[in-house]
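# Examining the three-dimensional arrangement
Here's the letter readout for the chains.
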Amino acid sequence: QVQLVESGGGLVQAGDSLRLSCAASGGTFSNYAMGWFRQAPGKEREFVAGINWSGDTTNYADSVKGRFTISRDNAKNTVYLQMNSLKPEDTAVYYCAARRGIVTTTRSRYDFWGQGTQVTVSS
């Protein structure tokens with residue numbers, strides 16, 4: 001069983017940056033592909049970014065390409081989401097997720113989830 005704890009959310013202005021962290025415990029972190037998802041009020045949870053176990057394969061939602069960067073430090077059991085040039089439409093609760101196997105954009109294929117961290121971007 002893997003436990004995931006996100007941190008780093010907050011209230012920022014449009015154009016600002018934030019870095020989210022997700023600390024994992026209870027499993028061998030390098031066995032898992034990791035993903036970041038987000039859920040805005042009244043909307044479904046959507047894929048944001050994913051990274052494979054070694055960090056050499058990443059993918060992004062079109063809406064965040066060029067602004068967000070996912071990375072991981074297997075020695076620290078942590079995955080990060082660097083978010084630059086934030087927009088009001090990025091406002092959401094951000095969740096990290098883990099799965100064995102290859103990275104995927106499909107929410108239902110992730111086995112473990114964190115509790116989420118709120119990101120609010122004011123205009």
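Residues numbered from 1 in each chain as written. Predicted model: local features only at pLDDT ≥ 70, side-chain atom pairs only at ≥ 80, totals over all residues. Heavy atoms only, no water.

## A closer look at the state of the cysteines
Note the following rule: Two cysteine sulfurs form a disulfide in these notes if their separation is within 2.5 Å. We count a stretch as a helix when DSSP gives it H or I for four or more residues in a row; a strand needs E for two or more, and each element gets its number in order from the N terminus.
Following the criterion strictly, the structure yields one disulfide and no others. Between the sulfur of Cys-22 and that of Cys-96 lies a disulfide, 1.9 Å long from S to S. One quick way to see it: the torsion about the S-S bond of Cys-22 and Cys-96 is about 45°, and its sign makes the bridge right-handed. Residue Cys-22 is located in strand E3 (residues 18–25), and its partner Cys-96 is located in strand E9 (residues 92–100); the two are separated by 74 residues in the primary sequence.

## Notes on the environment of Gly-101
This is how the line gets drawn: Working definition: with a 1.4 Å probe on protein chains only, accessible area under 20% of the residue-type maximum means buried, over 50% means exposed, and in between means partly exposed. Contact between two residues is taken to exist if any of their heavy atoms lie within 4.5 Å; hydrogens are not considered.
Along the chain, the position of Gly-101 falls in the loop between E9 and strand E10 (112–113). Using a relative accessible area of 43% as the deciding quantity, one classes Gly-101 as partly exposed. The spatial distance from the C-alpha of Gly-101 to the C-alpha of Tyr-32 is 6.5 Å, given a sequence separation of 69 residues. Contact partners of Gly-101, with chain neighbours within four places excluded, come to Asn-31 and Ala-33.

## Points about the environment of Cys-22
When its relative accessible area of 0% is taken as the criterion, Cys-22 is described as buried. C-alpha of Cys-22 to C-alpha of Val-79: the two residues are 57 residues apart in sequence and 5.2 Å apart in space. In this structure Cys-22 touches Leu-4, Val-5, Glu-6, Met-34, Trp-36, Asn-77, Thr-78, Val-79 and Cys-96, once residues within four positions along its chain are discounted.

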